[in-house]
Amino acid sequence: MAIQKIKLDLGTVYQKEEGGIYYFRYQVNGARKAISLKTRNQKEALKEANKQIPLLKATSAEIIAAHVKHARGLITPEKNLLLSEAWAVYEKSPERATPDTVSEALAYRSTFEEFVNWINDPGKTLRDITSQIADEYAQQMRTLNIAVSTHNRKIKRIRRVFRVLREYWSGENPFQSPTLLRKEREEREHDVHRLSFTREQEQQLQIVLDDDQYKVMNKPEVRVIYYLGMFTGQRMKDCVLLRWNKINFNLKRIWVKQFKTGKEVTIPIAPKLLEVLQGALAWKTGEADYVCPNIATRYNKTNVLGKNVGNNLVNIDMLRVIRWIGLEPSVEVPGRDKKVTVYGFHSLRHSFASYCAEAGVPQATVLSILGADSEIVNKYYTHVGDEAQRQAIAAITGELNGKSAQQRINEALELIRTSPEPSNAVLVKVKDILEK
């Protein structure tokens, strides 16, 4: 078969070799151009070439340039993706978010599904979602009784999904605008912080943990975990999943590689904690075993989706102990459906930092034990300079020992007036000076 050449109204369709790809040759402003039609099928080649002729006849060089780019495959045709199918595509992308926990991974999915359900239009594609729609959704979320941090996490998750699927929309990411996020100051009026335990409250915790009339599942192990929290300042997960091979009784030290930060810290064992840990040796079976095996097993429990549900169960047990001493762990906050925790196991971490600050322990030393949790440490170490700050304010206002200069003058005058010998020459002169 001979090499094909087919003359058209404008230009020629041809093959460079027998059975090869078809090309389209034409002239633009006196210059010869040739583009690949990317097919060996003559019928398809002619169809594609005839699409180009109207554009080649146009007088606009810009139109011609756009046509040429398209013909060369430099312009990618628009891709559409239904919102209802977006998550399945996102899940397969190597750019998708890879949270450390199953819970956060599920949260990404549920957050995006909430948005899709809000749209409630099976025919909507990603390309149909505009910044105005994103703003309307953010406004709707503002009507929900959720925390500012929860609102912002949801927006950022949807933003990430759109960023990963950017080939299915054009322009700017509709969820990119910072105005979609809420400001922390919106909650400042109702700001609730985690509270630390007083020394008396920690003593009460120790008492109820030793009292047999108070019942909770795996109470001997609960007691050990509470003592670990009190005397090491570590998070609940680090205390619950501590293993025997991380405890050295000879050196009286504990090693903890923190789950949250990955930082390894070493902590001396306090005498009270040492006594409790030695009592726990009664149920020890191996060096690599958990110090509190029953609670560790309960903590690691997951549901059918792989989401951890045991951590919440163990936390409920820990909160029960706090209620034993008359404290209510959570309080209601205006604008929130869920209560906010003010007392919990994490309060022991706050207490640890507070006691160290009161004792004048260097901040760097506390950080070496608690790990990189500067927010907690800074919260209590700002109090160390309170006395010095009060003295500074006193100096500015002219106060000394709580009395202003005028107060001292008035007292001196009163003393002189009530003196049994007011005619004394010295007192008279002092009185005259002070009264001027």
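The rules behind the values
Residues numbered from 1 in each chain as written. Predicted model: local features only at pLDDT ≥ 70, side-chain atom pairs only at ≥ 80, totals over all residues. Heavy atoms only, no water. Pairing = 2+ DSSP bridges. Helix = DSSP H or I, 4+ residues; strand = E, 2+ residues; numbered from the N terminus. Buried < 20%, exposed > 50% of the residue type's maximum accessible area, 1.4 Å probe, protein only. Axes fitted to C-alpha atoms, helices over the stretch in contact; angles between N-to-C directions. Contact = heavy atoms within 4.5 Å. 1 Å grid on protein atoms, 1.4 Å probe; cavity = no way out; pocket = protein on both sides within 12 Å on 5 of 7 lines; lining within 4 Å. Points joined across faces, edges and corners; volume = space filled by probe spheres on them. Core = buried A, V, L, I, M, F, W, Y, C linked by side-chain atoms within 4.5 Å.

Some points on the sheet that holds strand β6 (residues 253-257)
Here's step 1: With respect to topology, 3 strands assemble into an open sheet ordered β5-β6-β7, the strand pairing being antiparallel. Either end of the sheet is taken by a strand with one partner, and the two such strands are β5 (247-248) and β7 (264-268).
Here's step 2: Pairing of β6 with β7 involves 5 bridges; the strand directions are antiparallel. Residue pairing for β7: W255 is matched across the bridge by T266.

Focus on the pairing of β7
Here's step 1: Only one face of β7 is buried, namely the one carrying V265 and I267, since none of E264, T266 and P268 on the opposite face is buried.
Here's step 2: The antiparallel pairing of β6 with β7 creates a hairpin that spans 6 residues between the two strands, and G262 there sits at a positive phi of about 80°.

Here's the deal with the sheet that holds strand β3 (residues 22-28)
Here's step 1: If you trace the 4 strands from one edge of the open sheet to the other, you get β1-β2-β3-β4, paired in antiparallel fashion. Here the strands that pair on one side only, and so sit at the sheet edges, are β1 (5-7) and β4 (31-36). Strand after strand, the sheet turns through a mean of 20° between neighbouring axes, direction not considered.
Here's step 2: Direction of pairing for strand β2 (residues 12-15) relative to β3: antiparallel, over a ladder of 4 bridges. Counted as the bridge partner of Y14 is Y23 from β3.
Here's step 3: In this fold helix α1 (residues 42-56) packs onto β1, β2 and β3, with an angle of close to 15° to the strand it touches most, β3.

Quick notes on the side chain of Q201
Here's step 1: Assignment of secondary structure puts Q201 in helix α7 (residues 199-210).
Here's step 2: The contacts of Q201, once residues within four sequence positions are left out, are S196, I325, L327 and Y343.

Description of empty space enclosed by the protein
Here's step 1: Counted under the stated rule, the structure contains 1 cavity of 30 Å³ or more.
Here's step 2: Counted as a void, the largest cavity has a volume near 30 Å³.
Here's step 3: If you trace the largest cavity, you find it lined by L228, T232, Q234, D238, C239, L242, I254 and V256.
Here's step 4: When contributions to the lining of the largest cavity are tallied by element, the ones reaching two or more residues are α8 (219-232), α9 (236-240) and β6.

Things to note about the nonpolar core
Here's step 1: Among the nonpolar cores identified, the biggest contains 58 residues, and Y226, I254 and L277 are the most heavily contacted of them.
Here's step 2: At 7 residues, the largest contribution of residues to this core is made by α8.
Here's step 3: Those residues in contact with I254 that lie beyond four places of it in its chain are L228, T232, L242, K246, I247, V265, T266, I267, I269, L273 and L277.
Here's step 4: Y90, F115, Y137 and A138 belong to the second-largest nonpolar core, a separate cluster that totals 30 residues.

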